[in-house]
Amino acid sequence: MSADDEKRIAAAAAAELVEDGMTVGLGTGSTVAHLLPAIAARGLTGIRCVATSVATEEQARGLGIPVEEFSKLERLDIAIDGADQVAPDGWLIKGGGAAHQREKVVAAAAGERFVVIADSSKPVEALRAPVPLELLAFGLASTLARLGDEVALRDVPPSPDRGVIADYGGEIGDPAALAARLEADPGVTSHGLFPASMVSEILIGAGDEVERSAPR
């Protein structure tokens, strides 16, 4: 079975978790592109959705899924998103699509129910570079000098919040320690390391089955 088929079955399983009247966070990327038609096909009523990227918002609205600005909702009932890498302990790397800051905000708003969907190529024995970063444009040269040669700018447009997208290419080792190091620099607004404590469930499409795990 292809990776695309595995993404589809993981997305379909996640769509079954969405119920009438829920507030829902929609992630970004190729796996979420399968999630949206699966949600639309369920014919749910009263759901309120927020999207982490313009691409997700446009696809969702085209399928008849209501999307609103994430300005008035204090919390979400569930958030569903993909991942670039999934470690055995549940730590993730996200941000290949350059929306990791909004993805992290939406995941945090879901509190107890952030669901990750992926194909069988995404689980890894240990997280490895690159780790996506979002940097302030203000003082960018100074930020890059502090971060050192292990960080390189990515040749992509700014993030939805006008941040500069870069990637950390060095050793990761302990992801919690690297996350703390990156967060300590005021020029780094977000990074693509997502702790296992943030993740409630991981759904991996493996062949024609869905493997489920709960890092918390």
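All values derive from a computational prediction rather than experimental measurement.

Student: Got a minute to help me understand unusual backbone geometry in this structure?
Tutor: Excluding glycine, residues mostly have negative phi values, and the peptide bonds linking residues are mostly trans. Put simply, alanine 129 and proline 130 share a cis peptide bond, and its omega is 10°. Phi is positive for alanine 98, which is not a glycine, with a value near 65°. Within the fold, alanine 98 resides in the loop between strand S5 (92-93) and helix H4 (100-109). Residue arginine 162 is not a glycine yet carries a positive backbone phi of 70°.

Student: Just to check I follow, could you spell out the sheet that holds strand S1 (residues 23-26) for this structure?
Tutor: Working definition: the strands of a sheet are paired by backbone hydrogen bonds and lie parallel or antiparallel to each other. Spatial ordering of the open sheet is given by S2-S1-S3-S6-S12-S13, a layout of 6 strands whose pairing is mixed. Strands at the two margins of the open sheet, each flanked by one partner only, are strand S2 (48-51) and strand S13 (209-213). Across the sheet, the mean angle from the axis of one strand to that of its neighbour is 20°, orientation sign disregarded. Note that strand S12 (residues 201-206) and S13 share 5 bridges and pair antiparallel.

Student: Help me understand the nonpolar core, please; the structure alone is not making it clear to me.
Tutor: Across soluble globular proteins, nonpolar side chains have a tendency to be buried as a group. With 27 residues, the main nonpolar core has Val18, Leu26, Leu35, Ile39, Ile65, Ile80 and Ile117 as its most contacted residues. Breaking this core down by element, the ones donating at least two residues are helix H1 (3-15), S1, helix H2 (30-40), S2, strand S3 (78-81) and strand S6 (114-119). When neighbours within four sequence positions are excluded, leucine 35 is seen to be in contact with Ala11, Ala14, Ala15, Leu26, Ile80 and Ile117.

Student: Explain the pairing of strand S9 (residues 164-168) to me, please; I cannot follow it from the model alone.
Tutor: Successive residues of a regular strand alternate their side chains across the two faces of the sheet. The element S9 is extensively covered by neighbouring structure, given that 5 of its 5 residues are classed as buried. Along S9, one buried face is formed by Val164, Ala166 and Tyr168 and the opposite face, lined by Ile165 and Asp167, is buried too. As paired elements, strand S7 (residues 131-135) and S9 share 5 bridges and run antiparallel to each other. Residue pairing in the sheet places valine 131 in a bridge with tyrosine 168 of S9. Of the strand pairs in this sheet, strand S8 (residues 151-153) and S9 are connected by 3 bridges, and their pairing is antiparallel. The residue bridging alanine 152 from the neighbouring strand is aspartate 167, located in S9.

What counts and how
Residues numbered from 1 in each chain as written. Predicted model: local features only at pLDDT ≥ 70, side-chain atom pairs only at ≥ 80, totals over all residues. Heavy atoms only, no water. Helix = DSSP H or I, 4+ residues; strand = E, 2+ residues; numbered from the N terminus. Pairing = 2+ DSSP bridges. Axes fitted to C-alpha atoms, helices over the stretch in contact; angles between N-to-C directions. Core = buried A, V, L, I, M, F, W, Y, C linked by side-chain atoms within 4.5 Å. Buried < 20%, exposed > 50% of the residue type's maximum accessible area, 1.4 Å probe, protein only. Contact = heavy atoms within 4.5 Å.

Scope: geometric values only; no functional claims are made or implied.
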